[in-house]
Each structure stands twice: as structure tokens, then as C-alpha cells.
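Analysis of the macromolecular model
The lines below spell out each chain.
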Amino acid sequence: MTDRTWSHYINPTVKAIPPSGIRRFFDLAAEMEGVISLGVGEPDFVTPWHIREACIYSLHKGSTTYTSNHGLLELREEITKYLGTQGVQYNPRSEVLVTVGVSEALDLALRTLICPGDEVLIPTPCYVSYIPCTTLAGGVPVTIPTSMEDDFRLTADKLEAAITPKSKVLLLCFPNNPTGAIMNREELLKISEVVAKHDLLVISDEIYDRLTYIGQHTCFASLPGMRDRTIVLNGFSKAYAMTGWRLGYAAAQGDFIGAMTKIHQYTMLCAPITAQMSAMEALRHGKTPMENMVAHYNRRRRLMLQGFKEIGLPCFEPGGAFYVFPYIGDTGLTSAEFAEALLLEEKVAVIPGDVFGPGGEGCVRCSYASSVEDLTEALRRLGRFLKRRNITQKQ
Ligand code: PMP
């Protein structure tokens, strides 16, 4: 490698993928003091103590080995019990794979399904990894922009219009990151009819299912005819404040889980046993602490919406996750300009909506997984920012 740089050797597909737009703002914010970050998509709570205790106990007992590739059977049984409460039954022996976060489950699901050129339908704005992971799997991401007028929900009409003979997978995420949008059962039923009509498969990322504040979450696989067309992804990062433990799972028809497990066994072998032991405790005894955290998020959600109202920032009411997605278009700034100016002038970090794909421009993502004090101060600074720039928002 004398006259050539590394860049010459790097796979062009990898080279063409842009780095995460979220990271750029973290890096900017990290260099400044006194920043209130509404940028991170991570609970501000520490994992409940009884879950950490279960981890310590497992280490005392000497549980430090590999597990089955699929994950501990006892954990898979707890997972299927939980999914049973969501109205869908799985066999814990063959239809569940425990993974290193939903991140790994998503990557495996895409790699297991996609043949070169297959189209993956992705409602946007969407979680930042969906488009790059689709590309890395050899698929073609086809974005379906949702809009504030539709409360950022996917409509059957928009889905129909995006389908081509190459469409293979629909990648759903409700409650949604970054918008906080949810979809109710009737709306999902309409989507399921289009899915069946066009013989699509669905990857349903339900990582925020427990963080639903309006009505009840509907697991997509529980809808009529959808169980064997759907790969449900879920995990422990958000509901149990366990981001650092790196644990998630996929549930689907056995042949598909078997195929995913082949990639998993050669690349990851298994998810960490310590995290698996702790996740078991989370599912067995974590309901009350989890519900307490959810109640806190819900209070903060209302605080943010009320605060935006008072300073004149339009925002649709998100029913889930821990994000609000206010509209900043009337300021005359792009979402990137808005986020950068707000950070430099008022030391409040938010994420520009454009990093989440088509439909995100004009909005910014604010996470309310922060203390009430920080959120109150961030709202005060945001109000001052708008006032100083003499920006009068239309409500
Ligand atoms: N999906 C969505 C929608 C997310 O927001 C996140 C985390 N921000 C993930 C997946 C990844 O979660 P995990 O920590 O389980 O890998």
C-alpha cells in the first residue's frame, strides 16, 4: 500500500453511505459547555436496580459463558409470554431469536430477506439506520414521506402509490422515531390489507411499544393474516432503560428465524449472557418500574407540548416514544440552520429533521428523555431564541 490510500480499497457502497447526521450534532455539542441536549434518543433513567441486581447475581453464580445461538430458552419463553399479551403466539424454541439490540435484529432481518435490487418501502421520517442498512444489504430503499397533516402516519394510499413489482418489504416503526407518531389498530388494518394484496413482508420495529400514551399499542403481527408475513423486532433499550446492555429480539415464522440465526451464529454467536439474564428479570418483574418511567415521559411530553404552545411553535401531538417533532418552517430557516443557530446561540441541541429522510425537513427532533428542569430551561431558551430573532410563528 505505497501509493494508494485506504480509501482506494474501501467498498464503494460503504464509501457512499453518509455518516449519521445525529453524530455531527453530538460532536458539536460535546465541544461546548452548558449545553442542554434534547438530541439523544436514550432514556435519562438508569436501569432499574432490581435488573442490575439480577446481573450482579448472575455474575456471582458464574454465568459467564456463551448461550445457545438463539439465546437462553428461559428468556425466549418470557419473550413469547410478553408477545402473547400483545395477541400473537410464537413457539419459543423455533420462532424467537435473541440479538445484540434491535440494531442487530434489523440488520439480520434485512440481510436475510433482501436479494440484490429488492425494494424496501420505508415510511419517512425514519430511524437513521433504516436507509443505510437497506443499502448495505443490497436492497433499494424506497422512501414514503409522511406529513404533519397526516400526523406522520402511513396511509394505505401512500403505500399503494409507492409499490412496484420489485417491492418486497415494508419497514414499519410505530411508535415512531423521530416523530413520536403512533398508528391505531384500524389504521394498521388498512395497511395490512395492502400488504396482503401485494404479497409484501413486513419488518415491524416495535422498540417503543410500551411508550404509548394515547390508546393501546397494536403489534402488527397480531392483525389477521399478518403473523406469518411479519418479523417483529423489539428490545430492552427503551422500555427498561437498558441501552448499554445491547439486547433485543426478533420473532417470526420458524423458517425465517432459522435463516436469520445462520447469519447470527457466524457473526455474533450469541447475545451476551449477562444481558440476557438481566432481560429475563426485566420481563418477569420490571412492569412497575417501567410503568413509572413511562408516566414520567408522559408528563414531560405534555410539558413540551404546552411549552411549544406558549412560545408559538406548532407541533402535532405525538402519541408515543419520547420525541416531539415541532415545525420550524415558519422561521425561514432550514432545519439544519435552525438546529445549528439554536446550539450556537442558546446551547440547546436538537436534531434537524432532514437527517431522518424525506418529510423531515421543516421540523426538528427534540427528545424529552431529560429532566423536567432541563426541559423547562430548554423551552425558556428556545422561546428567547425565537423572540430575539423576531420570529413570530403562525399557530
Ligand atoms: N429502532 C429504533 C426506532 C430506535 O430508535 C433505536 C435506538 N435509538 C433502535 C432501533 C436501536 O435499538 P437497540 O438499542 O435495541 O439496538
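Residues numbered from 1 in each chain as written. Predicted model: local features only at pLDDT ≥ 70, side-chain atom pairs only at ≥ 80, totals over all residues.

Attention shifts here to helix α12 (residues 287-311). With 25 residues, α12 should reach 36 Å at 1.5 Å per residue; the first-to-last C-alpha distance of 36 Å fits that figure. Residues of α12 that are buried in the fold lie against β9 (323-324), β12 (364-367) and α14 (372-388). Note on α12: the residue one or two positions beyond its end, glycine 312, has a positive phi of about 85°. (Helix = DSSP H or I, 4+ residues; strand = E, 2+ residues; numbered from the N terminus. Expected span 1.5 Å × (residues − 1). Contact = placed C-beta atoms within 7 Å.)

What follows is about the domain arrangement of the protein. Domains assigned within the protein are domain 1 (6-46 + 288-388) and domain 2 (49-285). Spacing between the C-alpha centres of domain 1 and domain 2 amounts to 24 Å. Contact with domain 1, which involves 35 residues of that partner, is made by 34 residues of domain 2. The leading source of residues in the side of domain 1 that touches domain 2 is α12, at six residues. In terms of residue class, the side of domain 1 that touches domain 2 is built from 21 nonpolar, eleven polar and three charged. (Domains from an automatic or database assignment. Nonpolar A, V, L, I, M, F, W, Y, C, P; charged D, E, K, R; others polar.)

Okay, the packing of helix α5 (residues 73-85) against helix α11 (residues 273-285) next. Remark: α5 packs on α11, axes separated minimally by 9 Å, with the N-to-C direction vectors making an angle of 30°. Regarding α5 and α11, the two cross each other, and that crossing is left-handed. Between α5 and α11, the residues in contact are Glu74, Leu75, Glu78, Ile79 and Tyr82 and Gln276, Ala279, Met280, Leu283 and Arg284, respectively. Tallied by class, the residues present in the contact of α5 with α11 amount to six nonpolar, one polar and three charged. (Axes fitted to C-alpha atoms, helices over the stretch in contact; angles between N-to-C directions. Left-handed = near helix turned anticlockwise from the far one by under 90°.)

Attention now goes to the sheet that holds β9. Taken in spatial order, the three strands make up an open sheet running β9-β12-β11, and their pairing is antiparallel. Two strands in the sheet have a free side with no partner beyond their single neighbour: β9 and β11 (351-352). Across two bridges, the pairing between β11 and β12 is antiparallel. Pairing of proline 352 across the sheet is with valine 364, part of β12. (Pairing = 2+ DSSP bridges.)

With that settled, consider the packing of helix α6 (residues 101-113) against helix α10 (residues 254-267). At their nearest, the axes of α6 and α10 sit 9 Å apart, and the two run at 110° to each other. By the angle between their directions, the pair α6 and α10 is classed as roughly perpendicular. The element α6 and its partner α10 pack so that their crossing is right-handed. Along its contact with α6, which presents Leu108, Ala109, Arg111 and Thr112, the element α10 presents Phe256, Ala259, Met260, Ile263 and His264. In terms of residue class, the contact of α6 with α10 is made up of six nonpolar, two polar and one charged. (Parallel < 35°, antiparallel > 145°, perpendicular 65-115°, else oblique.)

Neighbouring the ligand are 13 residues, the closest being Gly101, Val102, Ser103, Gly235 and Ser237. The greatest single-element share of the shell around the ligand, amounting to three residues, is contributed by α6. Each residue belonging to the shell around the ligand can be placed in one class, and the counts come to four nonpolar, eight polar and one charged. (Near = placed C-beta within 6 Å.)

Turning to the pairing of strand β8 (residues 248-251), a few remarks are in order. The alternating pattern of β8 places Gly248 and Ala250 on one face and Tyr249 and Ala251 on the opposite face, and all of these are buried. Two elements, strand β2 (residues 96-99) and β8, share four bridges in a ladder whose sense is antiparallel. Paired with valine 98 across the bridge in β8 is tyrosine 249. (Buried ≥ 20, exposed ≤ 12 C-beta atoms within 10 Å, placed from the backbone.)

Bringing the UniProt feature "domain: Aminotransferase class I/classII large" (unreviewed entry) in the protein into the picture now. The residues that UniProt annotates with the feature "domain: Aminotransferase class I/classII large" (unreviewed entry) are residues 34-382. Split by type, residues 34-382 is 40% helix and 14% strand. Its first and last C-alpha atoms lie 15 Å apart. (UniProt positions renumbered as here; feature names shortened; annotations may be inferred.)

The two faces of the sheet receive side chains in turn, since in a regular strand these alternate between them. Extensive coverage of strand β7 (residues 230-235) is indicated by the burial of six of its six residues. The alternating pattern of β7 places Thr230, Val232 and Asn234 on one face and Ile231, Leu233 and Gly235 on the opposite face, and all of these are buried. Examined bridge by bridge, strand β6 (residues 201-205) and β7 share four bridges and lie parallel to one another. Bridge assignment links aspartate 205 to a residue of β7, and that residue is leucine 233. Direction of pairing for β7 relative to β8: antiparallel, over a ladder of four bridges. The residue of β8 that forms the bridge with glycine 235 is glycine 248.

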